[in-house]
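Single-letter residue listing:
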Amino acid sequence: MKIYKIKVNGKTYRVELENIEEVSSDPVKETVETKKSETKTVSSGEGTPVLAPIQGNVLDVKVTVGKQVKKGDCLLIIEAMKLENEVLAPCDGVVSEIIVTKGKTVSTKELLLTIK
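Read on for a plain summary of the structure.

Rules behind the numbers
- Sequence order as written defines residue numbering, which begins from 1 separately in each chain.
- Predicted model: local features are reported for residues with pLDDT of at least 70 only, side-chain atom pairs are reported and counted for 80 or more only, and whole-chain, interface and lining totals are derived from all residues.
- Each side-chain value is derived from all of the structure's non-hydrogen atoms; neither hydrogens nor water enter the calculation.
- Helix numbering and strand numbering both begin at the N terminus, where a helix is a DSSP run of H or I of at least 4 residues and a strand a DSSP run of E of at least 2.
- Surface patches are drawn from residues lacking salt bridges whose relative accessible area is over 30%; two like charges belong together within 9 Å, two nonpolar side chains (Val, Leu, Ile, Met, Phe, Trp, Tyr) within 5 Å.
- All accessible areas in this document rest on Shrake-Rupley with a 1.4 Å probe, and a residue is counted as covered only by the protein chains that are shown.
- Think of a salt bridge as a Lys or Arg side-chain nitrogen and an Asp or Glu carboxyl oxygen that are within 4 Å of each other.
- Residue exposure (1.4 Å probe, protein chains only): buried if accessible area is under 20% of the type maximum, exposed if over 50%, otherwise partly exposed.
- What is meant by a nonpolar core is a set of buried Ala, Val, Leu, Ile, Met, Phe, Trp, Tyr and Cys residues, joined one to another through side-chain atoms within 4.5 Å.
- Here, residues are in contact when the closest pair of their heavy atoms is within 4.5 Å.

Regarding the environment of Ile-98
Then, number 1: By secondary structure assignment, the location of Ile-98 is in strand S8 (residues 93-98).
Then, number 2: Distance in space between the C-alpha atoms of Ile-98 and Val-50 is 9.6 Å, their sequence separation being 48 residues.

Quick notes on a nonpolar patch on the surface
Then, number 1: On the surface, Tyr-4, Ile-6, Val-8, Tyr-13 and Leu-17 cluster together into a nonpolar patch covering about 440 Å² of accessible area.
Then, number 2: When contributions to the nonpolar patch are tallied by element, the ones reaching two or more residues are strand S1 (2-8) and strand S2 (11-17).
Then, number 3: Ranked by residue count, the leading element in the nonpolar patch is S1, at three residues.
Then, number 4: With respect to the helices and strands, the residue Val-8 is situated in strand S1.
Then, number 5: According to the relative accessible area criterion, Val-8 is partly exposed, its value standing at 40%.

Structural notes on the nonpolar core
Then, number 1: Formed by 17 residues in total, the largest nonpolar core has its most connected members in Leu-75, Leu-112 and Ile-115.
Then, number 2: Taken together, the elements giving at least two residues each to this core come down to strand S6 (74-80) and strand S10 (111-115).
Then, number 3: When near neighbours in sequence (up to four residues on either side) are disregarded, Leu-112 contacts Val-50, Leu-51, Ala-52, Leu-76, Ile-78, Val-87, Ile-98, Ile-99, Val-100 and Val-106.

Structural data, given as structure tokens:
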């Protein structure tokens, strides 16, 4: 453990820093690793995966399996911080798999659906 003195806006503070690599059990690291493993979703088929650009709640799914989509079509809407964000098709194709449902909370880069 190292002790430092820092000055913020003219006031001096004493700060102790601990090297977390030396700590055998780090609850923050364990929580992050658990969260990462919970958000992994594997697609059952081939195609172009559509990933969540942001964390939020799925407000509406605008497509169904088998629907033909063109690049730029709205696939679904995710609400984040009271803003509605459209998730657009990255390519032309047919929706082959939909992983999420209306009301589900998604994490950034979580698989939403697949386009073939």
